[in-house]
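Here is what each chain is made of, one letter per residue.
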Amino acid sequence: MAAKRYFIGIDIGGTKVYGGLVTPAGEIVTVHKLPTPSGAGVKEIVALIIKIVRALTLEADVPVKAVMGIGLAIPGIVDNDGRVIATPNLKLGNVDLKKILQKRLKCSISVGNDVNLGVLGERWLGAGRKADNIVGIFPGTG
């Protein structure tokens, strides 16, 4: 019998970091949320992401090696290689978050703009599932 596989999605925001462990079909297994420390830099954000990953896998009793990939939603400009170019309310500008986390977590990492990824999620499993076109507006702290 094949081992179960999972993905983790993490939304990094100015007030909170919110993560979910999901199946390949998009079924939410568990979620975890922590506050974003005020004035947090790269070290603090990376530590928070790792803490969320560990909490999600522990809560679901899932081995970390069963996680096929982690997607990070960033409030700002992210290039096609997953490098954060600029963020309005976090100190992550000009940071290769993908490279840092792949090295630390030994897993595939994808990084993108939070609103773009939110719209993709709605198109895949949400309100936009049957739509030919979809537009998203995501007000937030940034």
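Bear in mind that the values here come from a model prediction, so they are computed numbers and not experimental data. (Residues numbered from 1 in each chain as written. Predicted model: local features only at pLDDT ≥ 70, side-chain atom pairs only at ≥ 80, totals over all residues. Heavy atoms only, no water.)

1. As for the overall build of the chain
Now for step 1: When helices and strands are counted, the chain shows three helices and seven strands.
Now for step 2: In sequence order, the chain lays out its α and β elements as β-β-β-α-β-β-β-α-β-α.
Now for step 3: Judged by the C-alpha coordinates and their principal axes, the chain covers about 45 × 40 × 25 Å.
Now for step 4: Of all 142 residues assigned to the chain, the portion counted as buried reaches 37%.
Now for step 5: Summed over all atoms, the accessible surface of the chain reaches about 8700 Å², with 55% contributed by carbon and sulfur.
Now for step 6: Taking the average location of the 18 positive side-chain charges in the chain and that of its 11 negative ones, the two points are 7 Å from each other. (Helix = DSSP H or I, 4+ residues; strand = E, 2+ residues; numbered from the N terminus. Buried < 20%, exposed > 50% of the residue type's maximum accessible area, 1.4 Å probe, protein only. Areas by Shrake-Rupley, 256 points an atom, 1.4 Å probe, with all protein chains shown as cover. Lys, Arg positive; Asp, Glu negative; His and termini not counted. Charge placed at Lys NZ, Arg CZ, Asp CG, Glu CD.)

2. Things to note about the confidence of the model for the chain
Now for step 1: Chain-level pLDDT for the chain is 92 on average; 96% of the residues reach the 70-or-more range.
Now for step 2: Across the chain, the secondary-structure element scoring lowest on mean pLDDT is helix H3 (residues 114–125), at 91, and the one scoring highest is strand E1 (residues 6–12), at 97. (pLDDT = per-residue confidence, 0-100.)

3. Side note on the pattern of salt bridges
Now for step 1: Applying the stated criterion to the full structure yields one salt bridge.
Now for step 2: Salt-bridge contacts for Asp 96 lead to Arg 83; the nearest nitrogen and oxygen are separated by 3.9 Å. Residue Asp 96 is found in the loop between strand E6 (84–86) and helix H2 (97–105), and its partner Arg 83 is found in the loop between strand E5 (77–78) and E6; the two are separated by 13 residues along the sequence.
Now for step 3: Since its relative accessible area comes to 24%, Asp 96 is described here as partly exposed.
Now for step 4: Taking relative accessible area as the criterion, Arg 83 reaches 28% and is therefore assigned partly exposed. (Salt bridge = Lys/Arg side-chain N within 4 Å of Asp/Glu carboxyl O.)

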